Amino acid sequence: RRIWLDDDPRQNAQALCYIVDRGHEQYAGRLSAAEQLHYCRQGHGRSGACRDYVLATVKELETLGVRDAGLHQLAVQLKGAHEASV
């Protein structure tokens with residue numbers, strides 16, 4: 001998708017966008033924290049491991065000054081599970 005940049009609306013760029021389809025049968029927005037952790041540990045798609053996607057998302061959000069408590073907790077658990085297995 002083509003996006004426009006906030007700091008200069010005259011500039012635009014190509015971006016890879018992930019869009020939620022809440023009506024899709026695989027929509028996982030209603031999972032418990034334990035279920036989210038379970039699926040993130042095993043999930044892998046065209047763009048890579050779900051674990052890596054979650055960790056990169058949390059890192060970027062923190063860089064922007066945004067903190068999502070649930071997503072941050074999931075990242076902490078994913079890091080802990082990975083470090084314990086290495």
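Everything in this summary refers to the structure shown in the same document. What you see is a predicted model, and the numbers here were worked out from it, not measured in a lab.

## Some details on the overall build of the protein
The helix and strand inventory of the protein stands at three helices and four strands. The order of α-helices and β-strands along the protein, N terminus first, is β-β-α-β-β-α-α. Taking 86 residues into account, the globule formula puts the C-alpha radius of gyration at 12 Å, and the protein, at 15 Å, lies well above it. Seen along its three principal axes, the alpha-carbon backbone of the protein occupies a region of about 45 × 30 × 25 Å. Of all intrachain contacts in the protein linking residues separated by at least 6 positions in sequence, the fraction that spans at least 24 positions is 31%.

## Quick notes on empty space enclosed by the protein
The tally for this structure, following the rule as stated, stands at one cavity of 30 Å³ or more. In this structure, the largest cavity is lined by Val58, Leu61, Glu62, Val66, Arg67, Asp68, Leu71 and His72. Counting only elements with at least two residues in the lining of the largest cavity, the list comes to α2 (50-63) and α3 (69-85). Among the elements that make up the lining of the largest cavity, the one with the highest residue count is α2 (three residues). Split into classes, the residues belonging to the lining of the largest cavity amount to four nonpolar, one polar and three charged.

## Remarks on the layout of surface pockets
By volume, the largest pocket is sized at about 1,200 Å³. Only α1 (33-42), β3 (44-45), β4 (48-49), α2 and α3 provide two or more residues apiece to the lining of the largest pocket. Classifying every residue of the lining of the largest pocket gives 14 nonpolar, ten polar and five charged.

## Quick notes on the nonpolar core
The biggest cluster of nonpolar side chains holds eight residues, and these are Leu37, Cys40, Val54, Leu55, Val58, Leu74, Ala75 and Leu78. At the level of elements, α1, α2 and α3 are the ones that each hand at least two residues to this core.

## Let's talk about the state of the cysteines
One pass over the structure, following the stated rule, counts zero disulfides. Free cysteine Cys40: the closest other cysteine sulfur is in Cys50, separated by 3.4 Å. With a relative accessible area of 23%, Cys50 lands in the partly exposed category.

Thresholds applied
Residues numbered from 1 in each chain as written. Predicted model: local features only at pLDDT ≥ 70, side-chain atom pairs only at ≥ 80, totals over all residues. Heavy atoms only, no water. Helix = DSSP H or I, 4+ residues; strand = E, 2+ residues; numbered from the N terminus. Rg over C-alpha atoms; globule rule 2.2 N^0.38 Å. Contact = heavy atoms within 4.5 Å. 1 Å grid on protein atoms, 1.4 Å probe; cavity = no way out; pocket = protein on both sides within 12 Å on 5 of 7 lines; lining within 4 Å. Points joined across faces, edges and corners; volume = space filled by probe spheres on them. Nonpolar A, V, L, I, M, F, W, Y, C, P; charged D, E, K, R; others polar. Core = buried A, V, L, I, M, F, W, Y, C linked by side-chain atoms within 4.5 Å. Buried < 20%, exposed > 50% of the residue type's maximum accessible area, 1.4 Å probe, protein only. Disulfide = S-S within 2.5 Å.

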